[in-house]
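The chain contents come next:
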Amino acid sequence: MGRAFNFSAGPAVMPEAVLQQAASEMLDWHGSGMSVMEMSHRGKEFISIYEQAEADLRELLAVPDHFKILFMQGGGLAENAIVPLNLSQGGAMDFVLTGSWSQKSLKEAGKYGQARVAASAQADGFTTLPAPATWQIGADSRYVHICGNETIHGVEFHELPDLKALGCDAPLVVDFSSHVASRPVNWSRVGLAFGGAQKNLGPAGLTLVIVREDLIGNALPHCPSAFDYKLVSDNQSMYNTPPTYSIYIAGLVFQWLKQQGGIAAMEQRNIAKAQLLYDFLDSSSLFENRVAQDCRSRMNVPFFLRDESRNEAFLAGAKAANLLQLKGHKSVGGMRASIYNAMPIEGIQALVAFMREFEKTQA
Ligand SMILES: *Cc1c(COP(=O)(O)O)cnc(C)c1O
């Protein structure tokens, strides 16, 4: 079997061109006589890889100069602790609950300060987003946390909330693990954004943190040194050994994104890809997506068979058609198609064609 269309939620599909380039450079990177994974992180070869990756990412995401880009480890889940360790100063934090990931963030932050619920869509089964005007944010809030794209529930903020317009001066923290680089970011509304790399940027092991400079330097005394944004930032993400190979691959992905026309071009493609899938789901008598139209994720599309007894047949047929990893998250059930940047539109076309055929033969 050749390469399949891979709908995994993460670790997820990579651009094939990037895998090929990494393969060709595996044994000897640019005549250095070494693989990237064998290089000192302090040597000139790796420093050049690192600097290029950072510059390309800053350009792609249009990150303003007063934000630092940190390449860390620990994944999105570690940031659920690292963010409060650095930003809470032991005070109160407000969370908008829109699905499993923001729920996890709330729970973890409670270990480091008072973690409050500003709003929740739980009563709707996390199929909607609470309107920002209804959020209850305390005047003493150290920050407001949202998950920009809920990977499991398939809900996405299509516009970041303007906290200032709500009369709130606290910084906005965004978990953008599963939609980073799929769309532009309005940095004027953001204090800090973080995300694991394995959904849309590269291999697992690298965690991206982009943080406004003035928020750095307030870590709690018991914050581990390797997770103190000030130490990480002052040492160009090399306070300790960074995930060098993951940074290198992410750097290749950034170059690939630039060749594709950058983030605005990716966004247009992602809109077209999601539209194709949602249009089919909405017209189907067998399949359905339950998320409110205005907050449907462009990256993660959960869907259900109205007749759940056909789930196993569907997954087996999909696998035989080279359409992999479509099983939904166990907490939600059903199916999920994750259609990140590296999923070509041909993958969605193949999925829709298979679903159409499946619907016909099972009718
Ligand atoms: C995958 C994911 C995480 C967790 O990432 P880990 O790298 O497993 O810690 C956190 N938040 C969101 C939105 C995710 O999609």
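These numbers were taken from a predicted model, which means no experiment stands behind them.

1. Observations regarding the layout of surface pockets
Phase 1 of the analysis: Its volume calculated, the largest pocket comes out at about 320 Å³.
Phase 2 of the analysis: Lining the largest pocket are 21 residues, and of these Gly10, Trp101, Thr151, Gln198 and Lys199 lie nearest its centre.
Phase 3 of the analysis: Residue contributions to the lining of the largest pocket peak at 4 residues, all from helix α3 (residues 75-87).
Phase 4 of the analysis: When its residues are assigned to classes, the lining of the largest pocket shows 7 nonpolar, 11 polar and 3 charged.

2. Things to note about the environment of Cys223
Phase 1 of the analysis: Here Cys223 shows up in the loop between β10 (207-212) and α5 (229-234).
Phase 2 of the analysis: Judged by its relative accessible area of 9%, Cys223 falls in the buried class.
Phase 3 of the analysis: In sequence terms Cys223 and Tyr112 are 111 residues apart; their C-alpha atoms lie 10.0 Å from each other.
Phase 4 of the analysis: Not counting residues within four places of it along the chain, the set of residues in contact with Cys223 comprises Leu85, Asn86 and Asp228.

3. Some points on the side chain of Ser141
Phase 1 of the analysis: With respect to the element layout, Ser141 can be found in strand β5 (residues 141-147).
Phase 2 of the analysis: Separated by 2.7 Å, the side chains of Ser141 and Asp94 make a polar contact.
Phase 3 of the analysis: Within the structure, Ser141 has its side chain in polar contact with the backbone oxygen of Tyr143 (distance 3.1 Å).
Phase 4 of the analysis: Not counting residues within four places of it along the chain, the set of residues in contact with Ser141 comprises Ala92, Met93, Asp94, Arg116 and Ala170.

4. Here's the deal with the site of the ligand
Phase 1 of the analysis: Surveying the vicinity of the ligand reveals the residues Gly75, Gly76, Leu77, Trp101, Cys147, Asn149, Thr151, Asp175, Ser177, Ser178, Gln198 and Lys199.
Phase 2 of the analysis: Within the side chain of Asp175, one N or O atom sits 2.7 Å away from a nitrogen atom of the ligand.
Phase 3 of the analysis: When the free accessible area of the ligand is taken as 390 Å², the share hidden by the protein chains comes to 86%.
Phase 4 of the analysis: Mapping the ligand onto the cavity grids shows that it belongs to the largest pocket.
Phase 5 of the analysis: Per-element accounting of the shell around the ligand gives the leading share, 3 residues, to α3.
Phase 6 of the analysis: A class-by-class count of the residues in the shell around the ligand yields 3 nonpolar, 7 polar and 2 charged.

5. Remarks on the domain arrangement of the protein chain
Phase 1 of the analysis: Considered domain by domain, the protein chain is made up of domain 1 (17-259) and domain 2 (262-362).
Phase 2 of the analysis: The straight-line distance from the C-alpha centre of domain 1 to that of domain 2 is 27 Å.
Phase 3 of the analysis: Across the contact, 26 residues belong to domain 1 and 23 residues belong to domain 2.
Phase 4 of the analysis: Roughly 2,000 Å² is buried in total at the junction of domain 1 and domain 2, and carbon and sulfur atoms are behind 57% of that figure.

6. Focus: the pattern of salt bridges
Phase 1 of the analysis: Applying the stated criterion across every chain, the model contains 20 salt bridges.
Phase 2 of the analysis: With its nearest N and O atoms 2.8 Å apart, the salt bridge here joins Arg183 to Glu156. Of the two residues, Arg183 sits in the loop between β8 (172-175) and β9 (192-196) while Glu156 sits in strand β7 (residues 155-156), which places them 27 residues apart along the sequence. Taken individually, Arg183 and Glu156 each receive the classification buried, so the pair is uniform in this respect.

Rules used throughout
Residues numbered from 1 in each chain as written. Predicted model: local features only at pLDDT ≥ 70, side-chain atom pairs only at ≥ 80, totals over all residues. Heavy atoms only, no water. 1 Å grid on protein atoms, 1.4 Å probe; cavity = no way out; pocket = protein on both sides within 12 Å on 5 of 7 lines; lining within 4 Å. Points joined across faces, edges and corners; volume = space filled by probe spheres on them. Helix = DSSP H or I, 4+ residues; strand = E, 2+ residues; numbered from the N terminus. Nonpolar A, V, L, I, M, F, W, Y, C, P; charged D, E, K, R; others polar. Buried < 20%, exposed > 50% of the residue type's maximum accessible area, 1.4 Å probe, protein only. Contact = heavy atoms within 4.5 Å. Polar contact = N/O pair within 3.5 Å; in protein donor to acceptor, adjacent residues only side chain to side chain. Near = heavy atom within 4 Å. Areas by Shrake-Rupley, 256 points an atom, 1.4 Å probe, with all protein chains shown as cover. Sits in = over half its atoms within 2 Å of the grid points. Domains from an automatic or database assignment. Buried area = accessible area lost by both parts, 1.4 Å probe. Salt bridge = Lys/Arg side-chain N within 4 Å of Asp/Glu carboxyl O.

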